[in-house]
Amino acid sequence: LRPPIPVPPTLSFPLASSRSYRGLTLVLTFLCYTSYHLSRKPISIVKSQLHPNCSALGPNPRNDSNSSTWCSWAPFDGDNYKELFGALDNAFLVAYAIGMFISGIFGERLPLRYYLSGGMVLSGLFTALFGLGYFWDIHVLWYFIVVQVFNGLVQTTGWPAVVACVGNWFGKGKRGLIMGIWNSHTSVGNILGSLIAGAWVSSAWGLSFVVPGIIITTVGIICFFFLVEYPEDVDCSPPLHHVMTTSEKDSEAVTSNEGPLSLSGQSSVDLSHSPKEPAEEPEAISFLGALRIPGVVEFSLCLLFAKLVSYTFLYWLPLYIVNVGEFWGQQGRREPGKGASPHPSPLSLTAHFGAKEAGDLSTLFDVGGILGGIFAGLISDYTGGRATTCCVMLVVAAPMLFLYNHVGQNGIGTSIAMLIICGALVNGPYALITTAVSADLGTHESLKGNAKALSTVTAIIDGTGSVGAALGPLLAGLISPTGWNNVFYMLIAADVLACLLLARVVVKEARGWCGYMARKRGYVRP
């Protein structure tokens, strides 16, 4: 029998019902992962300040021979600065991808509250250490690389823990919509991280890291005192996927065979009237056991390419906006007939974006991500087709990325609209897979009510996706010197591959729909 985890004394105040605890869990986990993403965003904002366009700032006050990089921060003052930025991103993301596979195993075996809050405090420490390099006047690459590696490792404590906590409190009913809204913490964290980092990026970029480090540490301490991991710890009834009677298991098995429409429509009714019989605590599932759950491999590989696209935008969009604005600005200042287009982009005529302005504009991509995550969750709940919803959004995202690269600079209004649309289509599938799909697979009927697989399944899916998150910014750093068009072709190809990897699951869902509709119309005996 699993001994009950002691609830902190601060949680002894009376709450009206388990609904209040569910609301508390949603709010706390939302704040936790918002602060995780808030602490990851500053690097993308600060990049353009580490290697700015020094010629636009006037003559070199030091009268050095190299006047084009006098204001850059060494070691990012060379011509290979994009490759060095890619190395910074890759140090974090490779460590994150490797650590994620291990993190889920620890998350199943350690108290989630301790695991999550400890990881947040350490994440705040390493985030602040990166910014302290500005105040300590550090100009060696290895310092920033080492800090990024350790930060990537400790940040893996977040996602498996928060998804497991939410999965412990919520059943399958309307899980897509609930988690779609809840998953907006990713975009909210990116937006707040951009705004907070942008506030100091031009004056003292070190504070762009120190302040988010303090915020995530503070939220981690709050999480330690207030987070409740399991309903049983406060004498609340668990959701349907935790405790099921024999008849309910049979009912779920029959319903699941009727297609995804019926599966998604199941209610997450608490078994408040069921007798609570002591049961032996199930063992945590093995890594290979989690891989054998139907759908885990397909969604993991799909997320690899979906996250590749999302994280490329996360780390490179502000720099892209600055570079493209400078390019069209130079084209607009030239005379027609001298290597310039006679019709410069209207964007260059209306705005020249610095580091702060580019960071603020990039938040619109995350605004679209919020809308896309909610829309994907709502549609997948209604249709029951998680894979089909992802596939349709990925297919539409490919031409939208092409259009953004070619017409996104045709005026500030067009740029805003395209950023929101692309953010919705790119982040919608990413949000759905990492939340509702992970929770569905972690409480799959083949596990027979064993909820100990949730953290491991989440870690496998997000860990595989993190491989793509590491590859995306790395490839962008290598490809961008050849032109931003090639970067977007790479992103479009990744979207198409992500869709193709879900083809088998989409076909399975389509067959489920056909069978369900045939039985509903009386063509086939149930």
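It should be emphasised that the depicted structure is a prediction, and the values quoted were computed from it without experimental measurement. (Residues numbered from 1 in each chain as written. Predicted model: local features only at pLDDT ≥ 70, side-chain atom pairs only at ≥ 80, totals over all residues. Heavy atoms only, no water.)

Participant: Where do I start with the overall build of the protein in this structure?
Facilitator: When its secondary structure is counted, the protein shows 20 helices and 0 strands. Here the protein holds 526 residues, and the buried ones make up 56% of them. Contacts in the protein between residues far apart in sequence, at least 24 positions, make up 83% of those at least 6 positions apart. When the accessible area of the protein is evaluated, it comes to approximately 21,600 Å², of which 67% is carbon and sulfur surface. (Helix = DSSP H or I, 4+ residues; strand = E, 2+ residues; numbered from the N terminus. Buried < 20%, exposed > 50% of the residue type's maximum accessible area, 1.4 Å probe, protein only. Contact = heavy atoms within 4.5 Å. Areas by Shrake-Rupley, 256 points an atom, 1.4 Å probe, with all protein chains shown as cover.)

Participant: Any chance you could explain the pattern of salt bridges here in plain terms?
Facilitator: Opposite charge on two side chains allows them to pair when their charged atoms are near. The tally for this structure, following the rule as stated, stands at 4 salt bridges. With a shortest N-O distance of 2.7 Å, Asp462 and Lys307 are connected by a salt bridge. With a gap of 155 residues between them, Asp462 in helix 18 (residues 454-479) and Lys307 in helix 13 (residues 296-333) connect regions that are remote in the sequence. The exposure class assigned to Lys307 is buried, which follows from its relative accessible area of 1%. With a shortest N-O distance of 3.1 Å, Arg386 and Asp381 are connected by a salt bridge. Relative accessible area serves as the criterion here: at 13%, Asp381 is assigned to the buried category. (Salt bridge = Lys/Arg side-chain N within 4 Å of Asp/Glu carboxyl O.)

Participant: For this particular structure, what's the right way to read empty space enclosed by the protein?
Facilitator: Over the atoms, a rolled probe matching the size of one water molecule traces out where space is still vacant. Tallied over the full model, the rule gives 10 cavities of 30 Å³ or more. In this structure, the largest cavity spans a volume of roughly 100 Å³. Counting only elements with at least two residues in the lining of the largest cavity, the list comes to helix 8 (185-200), helix 13, helix 15 (355-383) and helix 17 (412-442). Taken together, the residues of the lining of the largest cavity sort by class into 6 nonpolar, 6 polar and 2 charged. (1 Å grid on protein atoms, 1.4 Å probe; cavity = no way out; pocket = protein on both sides within 12 Å on 5 of 7 lines; lining within 4 Å. Points joined across faces, edges and corners; volume = space filled by probe spheres on them. Nonpolar A, V, L, I, M, F, W, Y, C, P; charged D, E, K, R; others polar.)

Participant: Just checking my understanding: could you explain the packing of helix 1 (residues 18-40) against helix 6 (residues 158-169) for this structure?
Facilitator: Helix-helix packing: each pair is described by the crossing angle between the helix axes and the interaxial distance. Contact pair helix 1 / helix 6: the axes reach a minimum separation of 10 Å and the direction vectors enclose 165°. The orientation of helix 1 relative to helix 6 falls into the category roughly antiparallel. Between helix 1 and helix 6 the crossing geometry is left-handed. On helix 6, the residues touching Ser18, Tyr21, Arg22, Thr25, Leu26, Thr29, Cys32, Tyr33 and Tyr36 of helix 1 are Gly158, Trp159, Val162, Cys165, Val166 and Trp169. Grouping the constituent residues of the contact of helix 1 with helix 6 by class yields 10 nonpolar, 4 polar and 1 charged. (Axes fitted to C-alpha atoms, helices over the stretch in contact; angles between N-to-C directions. Parallel < 35°, antiparallel > 145°, perpendicular 65-115°, else oblique. Left-handed = near helix turned anticlockwise from the far one by under 90°.)

Participant: Help me out: how do you make sense of the nonpolar core in this one?
Facilitator: The nonpolar side chains of soluble globular proteins are, as a tendency, buried together. With 117 residues, the main nonpolar core has Leu116, Phe144, Leu401, Tyr404 and Leu491 as its most contacted residues. Take this core: its biggest share by element is 17 residues, from helix 13. When sequence neighbours within four positions are dropped, the list of residues in contact with Phe144 reads Trp73, Phe76, Leu88, Phe130, Gly133, Ile138 and Trp205. (Core = buried A, V, L, I, M, F, W, Y, C linked by side-chain atoms within 4.5 Å.)

Participant: Could you clarify how one ought to interpret helix 4 (residues 112-135) in this entry?
Facilitator: Count 3.6 residues to each turn of an α-helix, and residues three or four apart come out pointing the same way. In a regular helix each residue adds 1.5 Å, so 24 residues correspond to 34 Å; helix 4 covers 35 Å between its end C-alpha atoms and thus fits that length. Asp137 lies just past helix 4 and shows a positive phi near 55°. (Expected span 1.5 Å × (residues − 1).)

Participant: So what exactly am I meant to see when it comes to the state of the cysteines here?
Facilitator: As used here, a disulfide is simply a covalent bond connecting the sulfur atoms of two cysteines. This structure, assessed with the given rule, holds 1 disulfide. With no disulfide of its own, Cys390 lies closest to Cys302 among cysteine sulfurs, the gap being 5.9 Å. Assessed through its relative accessible area of 0%, Cys390 is described here as buried. (Disulfide = S-S within 2.5 Å.)

Participant: Any chance you could explain a nonpolar patch on the surface here in plain terms?
Facilitator: On the surface, Ile105, Phe287, Leu288, Leu291, Val297, Leu301 and Leu501 cluster together to form a nonpolar patch covering roughly 520 Å² of accessible area. At the level of elements, helix 12 (287-291) and helix 13 are the ones that each hand at least two residues to the nonpolar patch. With 3 residues, helix 12 is the single largest residue contributor to the nonpolar patch. Among the structural elements, Val297 can be located in helix 13. (Patch = residues over 30% accessible without salt bridge, like charges linked within 9 Å, V, L, I, M, F, W, Y side chains within 5 Å.)

Participant: Help me understand helix 3 (residues 81-109) in this model?
Facilitator: In this model helix 3 runs 42 Å from its N-terminal to its C-terminal C-alpha over 29 residues, within 8% of the 42 Å that 1.5 Å per residue would give. Of all the bends in helix 3, the largest measures some 35° and sits at Met100. (Bend = angle between axes of the 7 residues up to and from the residue.)

Participant: I tried to follow unusual backbone geometry on my own but got confused; where do I start?
Facilitator: One can expect most non-glycine residues to show negative phi and most peptide bonds to be in trans. The amide bond that connects Ala74 to the next residue, Pro75, takes the cis arrangement and shows omega of 10°. Along the chain, the position of Pro75 falls in the loop between helix 2 (42-50) and helix 3. Of note in this structure, Asp137 is not a glycine but carries a positive phi near 55°. With respect to the element layout, Asp137 can be found in the loop between helix 4 and helix 5 (141-154).

Participant: Mind showing me how you'd approach the environment of Gly377 here?
Facilitator: The residue Gly377 is located in helix 15 in this model. Between the C-alpha atoms of Gly377 and Val437, which are 60 residues apart in sequence, the distance is 9.8 Å.

Participant: Explain the packing of aromatic side chains here, please?
Facilitator: The geometry of an aromatic ring pair comes down to the distance between the two centres and the angle between the two planes. Inspection of every chain in the model, using the stated rule, returns 29 aromatic pairs. For the pair Tyr320 and Phe488, a centre-to-centre distance of 5.2 Å together with 55° between the ring planes defines the contact as tilted. Linking Tyr320 in helix 13 with Phe488 in helix 19 (residues 484-501), this pair joins segments that are 168 residues apart in sequence. Take Tyr320 and Phe488: they sit in the same class, and that class is buried. Plain terms: the ring middles of Tyr404 and Phe488 are 6.0 Å apart, the flat faces sit at 50° to each other, and that makes the pair tilted. With a gap of 84 residues between them, Tyr404 in helix 16 (residues 386-407) and Phe488 in helix 19 connect regions that are remote in the sequence. Each member of the pair, Tyr404 as well as Phe488, is classed as buried. Of the aromatic side chains, those joined through ring pairs into one cluster are Trp73, Phe76, Tyr81, Phe85, Phe130, Tyr134, Phe135, Trp142, Tyr143, Phe144, Trp205 and Phe209. Between Lys47 and the ring centre of Trp316, over which it is positioned, the NZ or CZ distance is 4.2 Å. For Arg113, the ring lying beneath its charged end belongs to Phe224, and the centroid distance is 5.1 Å. (Phe/Tyr/Trp six-rings, centres within 6.5 Å; stacked < 30°, edge-to-face > 60°. Lys NZ or Arg CZ within 6 Å of the ring centre and 35° of its normal.)

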